[in-house]
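# Analysis of the macromolecular model
Take a look at the letters that make up each chain.
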Amino acid sequence: MADVREVIVLGAGCAGWTAATYAARADLRPLLFTGNELGGQLAMTTEVENYPGFPEGILGPELMERMEQQARRFGTEVKIERVTAVDFSQRPFAVTAGGETYHGKAVIICTGSTPRRLGVPGESELWGHGVTACATCDGAFYRGQEIVVVGGGDSACEEATFLTKFASKVTMIHRRDELRASKIMAKRVLEHPKIEVAWNSVVEECLGTPATGLTGVRLKNVKTGEVCDLPVTGFFLAIGHDPTTKLFEGQLELDDKGYLITDDHQMTSVPGVFAGGDVQDHTWQQAITAAGTGCASALAAERWLSEAD
Ligand code: NAP
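Right, let's walk through the structure included here. Computed from a predicted structure; not experimentally measured.

### Quick word on the overall build of the protein
Scanning the protein from N- to C-terminus turns up 6 helices and 19 strands. Referenced to the eigenvectors of the C-alpha coordinate spread, the extents of the protein come out at roughly 65 × 40 × 35 Å. A buried classification covers 49% of the 309 residues belonging to the protein. Within the protein, counting contacts between residues at least 6 apart in sequence, those at least 24 apart form 59% of the total. Total accessible area on the protein stands at roughly 15100 Å², and carbon and sulfur atoms take up 49% of it.

In structure tokens:
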């Protein structure tokens, strides 16, 4: 067998870069596959105000670039490729990407999570024609226009607040009468003159065609049953994420929501395969907790490798 790496890392978000930095500094010659989402969730966010060490805040993409530089500085080899198959049934473990198979004595999975969709009529057809899940990518297209943000968590509040820079009015659509978001984020939304909240409301349909673009959304009030059409040109989804674990089904144990199950040393159900970040965390899902469990995965892998040798 050609080169067998000590550690292969899957994923290029907070957890992946941190795991790679620790593994590289421990001389484990990590090979990191970025997948399609270089920078993970933070690459699609704006200001990060709660990452320790940045009292003035830092832009998400900049934080990710810095983490990447740090991982590369200690010798992480990076492949900008999506992993298409894994085989954890024997050691060394096999990871396939770009038609080639790579082998690692240990693997650290940091594949994060992907934005959820509602699954209502019109949503898929109008994706990229007014319907999106990325305010930072697409916000500037909606200068002076009326838009909606769907969701009631921190992401929805952050996106709604960010989008007021461009949009003339932002309506947040939330299915309950209380926001899930943290108090500080919710307060910003509720006090913002450009943001209105449509409480107890769900989207039934996205209106328009790819030719016209989005022309509105059909809303239903779940308390009264009343249905109305809201004319808007932008629809931003922020209803949470699902863990990116499809690749591991049948090989690693997942919980009932699809998250990887790890022990208190970040080990999955297969010894030698570790996981960190949102792919195994349905509770905290913060940049700093992802970095923390990414770090723990690398330290645990290092210890496991030294004991396995
Ligand atoms: P989240 O906290 O899971 O919130 C998802 C929101 O979408 C909830 O309000 C939920 O409604 C709503 N929702 C889910 N499925 C829906 C559906 N099918 N139809 C309508 N509404 C639906 O997800 P998130 O906001 O992406 O945040 C994820 C994690 O990242 C959290 O831990 C959050 O604190 C963190 N985060 C932190 C920051 C920050 O601190 N700067 C920024 C962004 C995210 P219900 O409330 O009714 O369940």
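### Focus: the nonpolar core
Counting residues in hydrophobic clusters, the biggest one holds 33 residues, and the most contacted among them are Val7, Trp17, Ile108 and Phe274. Mapped onto this core, the elements with two or more residues apiece are strand E1 (4–10), helix H1 (14–25), helix H2 (60–73), strand E8 (100–109) and helix H6 (287–308). Ranked by the residues each element gives to this core, the list is headed by H6, at 8 residues. Apart from the residues within four sequence positions on either side, Val7 is in contact with Ala23, Leu28, Arg29, Pro30, Leu31, Ala106, Ile108 and Leu305. Ala156, Cys157, Val189 and Ala238 belong to the second-largest nonpolar core, a separate cluster that totals 22 residues.

### Observations concerning the pairing of E1
Among the 7 residues in E1, 6 count as buried, and that is most of the element. As paired strands, E1 and E8 are joined by 6 bridges and run parallel to one another. Opposite Ile8, over in E8, you have Val107 as the bridge partner. Handedness of the E1-H1-strand E2 (residues 31–33) crossover: right-handed.

Cut-off values and rules
- Residues numbered from 1 in each chain as written.
- Predicted model: local features only at pLDDT ≥ 70, side-chain atom pairs only at ≥ 80, totals over all residues.
- Heavy atoms only, no water.
- Helix = DSSP H or I, 4+ residues; strand = E, 2+ residues; numbered from the N terminus.
- Buried < 20%, exposed > 50% of the residue type's maximum accessible area, 1.4 Å probe, protein only.
- Contact = heavy atoms within 4.5 Å.
- Areas by Shrake-Rupley, 256 points an atom, 1.4 Å probe, with all protein chains shown as cover.
- Core = buried A, V, L, I, M, F, W, Y, C linked by side-chain atoms within 4.5 Å.
- Pairing = 2+ DSSP bridges.
- Right-handed = clockwise from strand over helix to strand, strands pointing away.

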